[in-house]
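Listed here are the chains, written in short residue letters.
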Amino acid sequence: MSSTIKPLEFNGKWDLSPALESTDHIDVKKQYELFINGEFVVPQKENYFSSINPASEKKLSIIAEAQEVDVDNAVLSARKAYNGHWGRMSAKERGKYIFRIARLIQEKAKELAVIESLDGGKPIRESRDIDIPISAAHFFYYAGWADKLVYAFANRNPTSVGVVGQIIPWNFPLMMAAWKIAPALATGNTVVLKPAETTSLTALKLAEIIQEADLPPGVVNIVTGAGKTGSLLVNHHDIDKIAFTGSTDVGKIIMKSIAGTNKKSTMELGGKAANIIFDDAPLDQAVEGIINGIFFNQGHVCCAGSRLFVQESIYKIVLRKLKDRIQSLVLGNPLDKNTDIGAINSKEQLKTINKYLEIGQKEGAEIFQLNCDIPNKGFWCPPTLFTNVSQSNLIAKEEIFGPVLAIQTFRTIDEVITKANNTPFGLSAGVWTDKGSKIFNLTSKMNAGVIWANTYNKFDPTSPFGGYKESGHGREGGLHGLMPYLNL
Ligand code: NDP
């Protein structure tokens, strides 16, 4: 008896069963206070704001808003710790505390990953495999440097800067806190950190970890609130340095406010990276690199490869592969392990992204989006690409900070270098080619702090990260990341 086997049909979508990460093991309090002098304290004016889950719009917690007097208290406690026990502690002892924080982050990794996804909307695969491990790795890495500064900067007598005000954005909440706090402590400074209003929860969990690690009071203080709290910190007379990560616009405001003072600064600002695909590139890998470059963390990435340059001879095939790959992406619940594209971080950010989607179409670019169901609640934007884009289009010039890719073509190396450098930003770039010589040629002529070759969005604590031009100044990560926290 013969039977016919029906061929499997594949329409570009996998039929995946839900694989929800559990939330049983997480502890999110109904209300969070400010973390000052080693304790959680009620803000003087008792003002609180809500932190919501952007995938469901449900309230997760209410969080204290720091006013002037609270920021004063936090800076005072950081100053006392700097002039007292922390300032007198041996570098070796200091290092032990930083190691302890790193180990506790590892221990609580599962809880932190779930909270990061709930609070920020990012897929659990990313918070679990990227955000939290990299946060721990930064503390481990800088713990190792604490007692080796005299070797790292031989004959330069490195000394700490003092009390550091640190302000971070919402796209990698715990990771940004780690990038800031770990090198500051390793170099002997004390810290007042302000997380972003929409994503304070993991910074507050870090405060609990810091308590558990028995870090002396006042060494790390965390003041929650919105931009006004950040500005109070920036303008505080007893701050020695501001380390800021955020938008170029706010970076400029901060630089104006500290001009004429003795405050040092590090600015990690926006970007509009070129991701360049040559006709000799391994195309399937390059397509994965394009997808990862722009859709990782819903495109809420300063170094996102948001401007794609494809060599004209392979444009059609790259575009087809890219569209096919986009159709296979899964948008949905960030806590589902199958999810590729989570929620947009806030209603405001979704509004900004949608504004650019309209502008792009009005400018004459052609839009293509993942065809998928959008959940009823929450803030969502399907992965989007624009073709027929020109250099002068706003979608090719301005940072959108969402899952939106603007595609252009090129014929020669010189042409693509000129096009790639035609931006006020200079944070990152990617190049895909089979030829090492092309990589060297291109990387030496492009104005970008980080350039990835045949890969994208790779982060490592040993590697410096930072920008040129309007993408900021100073470096985080590696030996370079110690320097802004030292007087040399
Ligand atoms: P914003 O500049 O709006 O905010 C960044 C931080 O600054 C937040 O904590 C914010 O508070 C605070 N803030 C806002 N206004 C002021 C002010 N006047 N004075 C002091 N602090 C203030 O950026 P986003 O949070 O929207 O983050 C996205 C930006 O961050 C993008 O441009 C992105 O490219 C950039 N970024 C850069 C990175 C880099 O390494 N170069 C890495 C990651 C992001 P609140 O949010 O509570 O209003």
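Residues numbered from 1 in each chain as written. Predicted model: local features only at pLDDT ≥ 70, side-chain atom pairs only at ≥ 80, totals over all residues. Heavy atoms only, no water.

Novice: Before we go on, may I ask you to explain the sheet that holds strand 5 (residues 59-64) in this structure?
Specialist: The strands making up a sheet associate through backbone hydrogen bonding, with each pair oriented either parallel or antiparallel. Taking strand neighbours across the sheet as the criterion, the 3 strands line up as 1-5-4 in an open arrangement whose pairing is mixed. Each edge of the open sheet carries a strand with a single partner, namely strand 1 (31-32) and strand 4 (48-52). In the sheet, strand 4 pairs with strand 5 via 5 bridges, with the strands oriented antiparallel. Among the inter-strand pairings, Tyr48 is bridged to a residue of strand 5, identified as Ala64. (Pairing = 2+ DSSP bridges. Helix = DSSP H or I, 4+ residues; strand = E, 2+ residues; numbered from the N terminus.)

Novice: Explain the side chain of Asn297 here, please?
Specialist: Examined against the element boundaries, Asn297 turns out to sit in the loop between helix 11 (283-295) and strand 13 (307-311). Its relative accessible area of 2% is what places Asn297 among the buried residues. The contact partners of Asn297, leaving out residues within four places of it in the chain, are Lys122, Glu126, Asn171 and Phe172. (Buried < 20%, exposed > 50% of the residue type's maximum accessible area, 1.4 Å probe, protein only. Contact = heavy atoms within 4.5 Å.)

Novice: I'm lost on the environment of Ala343 in this one. Help?
Specialist: Within the secondary structure, Ala343 is located in the loop between helix 12 (315-327) and helix 13 (347-362). Between the C-alpha atoms of Ala343 and Leu357, which are 14 residues apart in sequence, the distance is 17 Å.

Novice: How should I be thinking about the packing of aromatic side chains in this particular structure?
Specialist: The relation between two aromatic rings is expressed through the spacing of the ring centres and the mutual angle of the planes. All chains considered together, the criterion is met by 13 aromatic pairs. Where Phe172 meets Phe296, the ring centres are 5.7 Å apart and the plane angle is 40 degrees; that geometry is what we call tilted. With Phe172 in the loop between strand 7 (163-167) and helix 7 (173-186) and Phe296 in the loop between helix 11 and strand 13, the pair connects residues that are 124 residues apart, well separated along the chain. Taken as a pair, Phe172 and Phe296 share a single burial class, namely buried. With centroids separated by 4.7 Å and ring planes inclined at 50 degrees, the aromatic side chains of Trp452 and Tyr456 adopt a geometry described as tilted. Judged by its relative accessible area of 2%, Tyr456 falls in the buried class. These aromatic residues form a ring-pair network of at least three members: Trp179, Trp452, Tyr456, Phe459 and Phe465. Cation over ring: Lys241 sits above Tyr485, and NZ or CZ is 4.9 Å from the ring centre. (Phe/Tyr/Trp six-rings, centres within 6.5 Å; stacked < 30°, edge-to-face > 60°. Lys NZ or Arg CZ within 6 Å of the ring centre and 35° of its normal.)

Novice: I tried to follow the site of the ligand on my own but got confused; where do I start?
Specialist: Inspection of the region around the ligand gives 28 residues, with Ile168, Ser247, Leu269, Cys302 and Glu399 positioned closest. Contact between the ligand and Trp170: an oxygen atom at 3.1 Å from a side-chain N or O atom of the residue. Out of a free accessible area of 900 Å², the ligand has 87% covered by protein chains. Broken down by element, the residue count for the shell around the ligand peaks at 3 residues, all from helix 9 (residues 227-234). Within the shell around the ligand, the residues separate by chemical class into 15 nonpolar, 9 polar and 4 charged. (Near = heavy atom within 4 Å. Polar contact = N/O pair within 3.5 Å; in protein donor to acceptor, adjacent residues only side chain to side chain. Areas by Shrake-Rupley, 256 points an atom, 1.4 Å probe, with all protein chains shown as cover. Nonpolar A, V, L, I, M, F, W, Y, C, P; charged D, E, K, R; others polar.)

Novice: Would you take a moment to explain the side chain of Ser265 for this structure?
Specialist: By the element assignment, Ser265 lies in strand 11 (residues 264-268). A distance of 2.9 Å separates a polar atom in the side chain of Ser265 from a polar atom in the side chain of His473. In contact with Ser265, other than residues within four places in its own chain, are Lys241, Ile242, Met255, Ile258 and His473.

Novice: What's the story with the nonpolar core in this structure? I'm lost.
Specialist: Nonpolar side chains in soluble globular proteins generally cluster together in the buried interior. In terms of nonpolar packing, the biggest core is built from 102 residues, with Ile105, Leu185 and Ile277 touching the most fellow members. Tallying contributions element by element places helix 7 first for this core, with 11 residues. Other than its neighbours up to four places away in sequence, Ile105 contacts Leu112, Ile132, Ala136, Phe139, Leu174, Leu206 and Ile209. (Core = buried A, V, L, I, M, F, W, Y, C linked by side-chain atoms within 4.5 Å.)

Novice: Got a minute to help me understand helix 4 (residues 109-120) in this structure?
Specialist: The α-helix advances 3.6 residues per turn, and as a result positions three or four apart in sequence lie on the same side. Its 12 residues place the ends of helix 4 16 Å apart at the C-alpha level, agreeing with the 16 Å of an ideal helix rising 1.5 Å per residue. Those residues of helix 4 that fall on the buried side of the exposure criterion are Glu111, Leu112, Ala113, Val114, Ile115, Glu116, Ser117, Leu118, Asp119 and Gly120. Count one or two residues on from helix 4 and you reach Gly121, which has phi positive near 90 degrees. (Expected span 1.5 Å × (residues − 1).)

Novice: Help me understand the packing of helix 3 (residues 91-107) against helix 5 (residues 124-145), please; the structure alone is not making it clear to me.
Specialist: Geometry of a packed helix pair, given as the angle between the helix axes and the separation of the axes. It is at 8 Å that the axes of helix 3 and helix 5 come closest, and there the two elements cross at 165 degrees. Here helix 5 runs roughly antiparallel to helix 3, going by the angle between their axes. Judged by the sense of rotation from one axis to the other, the crossing of helix 3 with helix 5 is left-handed. Here Gly95, Ile98, Phe99, Ile101, Ala102, Arg103, Ile105 and Gln106 of helix 3 come into contact with helix 5, specifically with Ile132, Ala136, Phe139, Phe140, Ala143 and Gly144. Class assignment for the residues of the contact of helix 3 with helix 5 results in 10 nonpolar, 3 polar and 1 charged. (Axes fitted to C-alpha atoms, helices over the stretch in contact; angles between N-to-C directions. Parallel < 35°, antiparallel > 145°, perpendicular 65-115°, else oblique. Left-handed = near helix turned anticlockwise from the far one by under 90°.)

Novice: So what exactly am I meant to see when it comes to the layout of surface pockets here?
Specialist: Rolled over the atoms, a probe sized like a water molecule indicates the empty space that remains. Approximately 410 Å³ is the volume found for the second largest pocket. Looking at the second largest pocket, it is lined by 21 residues, and the ones nearest its centre are Arg125, Glu126, Ile291, Asn292 and Phe296. Elements that contribute at least two residues to the lining of the second largest pocket include exactly helix 5 and helix 11. At 5 residues, the largest contribution of residues to the lining of the second largest pocket is made by helix 11. Taken together, the residues of the lining of the second largest pocket sort by class into 9 nonpolar, 5 polar and 7 charged. (1 Å grid on protein atoms, 1.4 Å probe; cavity = no way out; pocket = protein on both sides within 12 Å on 5 of 7 lines; lining within 4 Å. Points joined across faces, edges and corners; volume = space filled by probe spheres on them.)

Honestly, it's all geometry; don't read function into it.
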